[in-house]
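# Geometric and topological summary
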Amino acid sequence: MASSSSALSEEQIQCSICLDVFTDPVSTPCGHNFCRDCLKKFWDCSQHYTCPMCKETFKKRPELRINTTLKEIVGHLQKRYVEEEYTVYCDVCTGKHRRALKSCLNCETSFCETHLEPHKIAPKMREHTLIDPVENFEDYVCEIHKKPLDVFCRDDQKCVCHFCAQGDHKSHEVVPLEEESEGKRAEIRKTQANIHRMINDTLKKTEELNFLREHKNRKTEKEKAEIAELFTSLERSIGRSKKEFLEVMEEDRRTAEGQAKALTEELEKEIKELKSRDAELEQILHADDHHHILQAPCRPPQHKTRPVLTCNTHLSTETLKKTLSQFQESFHKEMEELPMIKLQRIRKYAVDVRLNPMTAHPNIILSGDRKQVWCGGEERNVPDNEERFNLRVSVLGEEGFFTGKFYFEVQVMGKTDWDIGVAKESVKRKGLITLDPNNGYWILWHRNGNEYCVSDNLPVLALKAKPQKVGVFVDYEGGVVSFYDVDARSHIYSFTDQTFTEKLYPYACPCLHLLGKNAAPLIFTLVKRYE
């Protein structure tokens, strides 16, 4: 391996696209090498699959596999370059200087293994301070006393010598350099733990983003098929309008795909930067140079704020309304707006929800018909039974569902905070609760005037309008829980590919009344069913 790598120059291990050292090198069928991500992005933006170097065109996109041999050579060369860049040589050697093994702060000299021998034998020299080889002795020796900086002043946050410790720093907290270095190592390990967490979080975001992209593509194709079916009876009259609308939907899909692709690339770049930072800290962590460790920055990197990606596939509904307006007079009775047709279909599964007082938090007040719920502010004297929520101000419906489809609507007008959705029968009801499908909660919550979210562990949704009435639809066998803005006739969000194994109950949380600002009730309204 060493002989193979020594035959390559630095230019030969550089990608011709990014002009940097190869990262996960791959080879094209024509024999040229590139970074895997560089070549992938190059082909993603091209109409044809050509080699960026020789321009040879391939009939189909080649399958990229990492060139493990080249990757090993690159890693070996990079290590060698780093070693050569930071090599310190013996100051005593005559002729060809050998690599230094240690530097002596008392002698202010670097020694190879041979010339270091007196420091191991002579009694006085054995007391000298030896560190890993360095060139900048002035950073390790006191300017005033010309003695090694072997203790640390915590008051002034600096390294000092023993004479300084007994003089100007006599009243300060002074500790051995090794002790402070161990504390710094602990900080570095904590920073690394934060970096590892951020890498995992970013990888999770990337996976979620890829899932949302695939989900949006599948959903767009499904809705295009539904629209085509709706327009079949009017093909002669508005066939051209149907084509235009489907083209708009496809354009919307391509725009969202481009935005998602750019965000994916940004996330991958952040992961690369975090891994590089982690590698730097790992190298510092294992150094014997206490001064180097104490100078290492330990401030954890910050997550970047990014726009939230949503899976709303109804962005072109207004286009459909404009198209159909031309035929409103002749087809008014035969054709309504697409969202209303979908709501009509869903509403035939409407159920009459009444809330179960045995599950209600002590602060909750229910109306006489048990269809309205609000927070009373004062705790009621009620039995603390197993079914009752005791910390989150929540309540469940009286009837549970374990098959088929069901739908209900909740008026949220006048409220600043609320949670609406469904929960499985065995959910945790005592203490702190994380509202997440993994814990048996499929909910939509609203906070702080304009924040809407579908899980405590997912990003905030971007909604164009503030819902006044929320519709909740569940397809038990299909594994779907969907939320709708009833008045705007728009889809908000859907949990898909879920697996239900027990009863699901309507769930509501009116949240705290906030000194009257959030005192309005959540109202489970009676839904008109369409057969």
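Here we summarise the structure given alongside this text. If you're wondering where the values come from, they're calculated on a predicted model, not measured in any experiment. (Residues numbered from 1 in each chain as written. Predicted model: local features only at pLDDT ≥ 70, side-chain atom pairs only at ≥ 80, totals over all residues. Heavy atoms only, no water.)

## Comments concerning the packing of aromatic side chains
Note the following rule: Two aromatic rings from Phe, Tyr or Trp, using only the six-membered ring of Trp, form a pair when their centres are within 6.5 Å; if the ring planes differ by under 30 degrees the pair is stacked, by over 60 it is edge-to-face, and anything between is tilted. Under the DSSP-based scheme used, a helix requires at least four consecutive residues in state H or I and a strand at least two consecutive residues in state E, with every element numbered from the N terminus. Residue burial is assigned from relative accessible area. The probe radius is 1.4 Å, only protein chains are included, and a residue is buried under 20% of its type maximum, exposed over 50%, and partly exposed in between.
With the rule as written, the count across this model stands at 12 aromatic pairs. With centroids separated by 6.1 Å and ring planes inclined at 65°, the aromatic side chains of F389 and Y507 adopt a geometry described as edge-to-face. Of the two residues, F389 sits in the loop between β12 (372-375) and β13 (395-396) while Y507 sits in strand β21 (residues 504-509), which places them 118 residues apart along the sequence. Y507 carries the same exposure label as F389, and that label is buried.

## Side note on unusual backbone geometry
Look at K146: it is not a glycine, yet its phi comes out positive at around 60°. For K146, the location among the structural elements is in the loop between β7 (130-131) and β8 (151-153). Look at K146 and you get exposed, because its relative accessible area is 54%. Located in the positive-phi region is R489, a residue other than glycine, with phi close to 55°. Given a relative accessible area of 33%, R489 falls into the partly exposed group.

## Section: the sheet that holds strand β10 (residues 174-176)
Rule in force here: A pair of strands is treated as paired once DSSP finds two or more bridges between them. Axis lines are fitted through C-alpha atoms, for helices just across the contact stretch, and the angle between N-to-C directions can take any value from 0 to 180 degrees.
If you trace the 3 strands from one edge of the open sheet to the other, you get β9-β8-β10, paired in antiparallel fashion. Only two strands of the sheet have a single partner each, and these edge strands are β9 (158-160) and β10. With direction set aside, neighbouring strand axes in the sheet form an average angle of 40°.

## What about the nonpolar core?
The line we're drawing: Here, the term nonpolar core denotes a set of buried Ala, Val, Leu, Ile, Met, Phe, Trp, Tyr and Cys residues that are joined through side-chain atoms within 4.5 Å.
Formed by 49 residues in total, the largest nonpolar core has its most connected members in F408, I420, Y441, L444 and Y507. By size, the runner-up hydrophobic cluster in this structure holds 16 residues, among which are F22, V26, C51 and I73.

## Some thoughts on helix α2 (residues 36-44)
What counts, and what does not: Regarding the arc, it is the one traced by the directions from the helix axis to the C-beta atoms.
The complete set of buried residues in α2 reads C38, L39 and W43. Buried residues of α2 fall within an arc of 125° about the axis and therefore sit on the same side.

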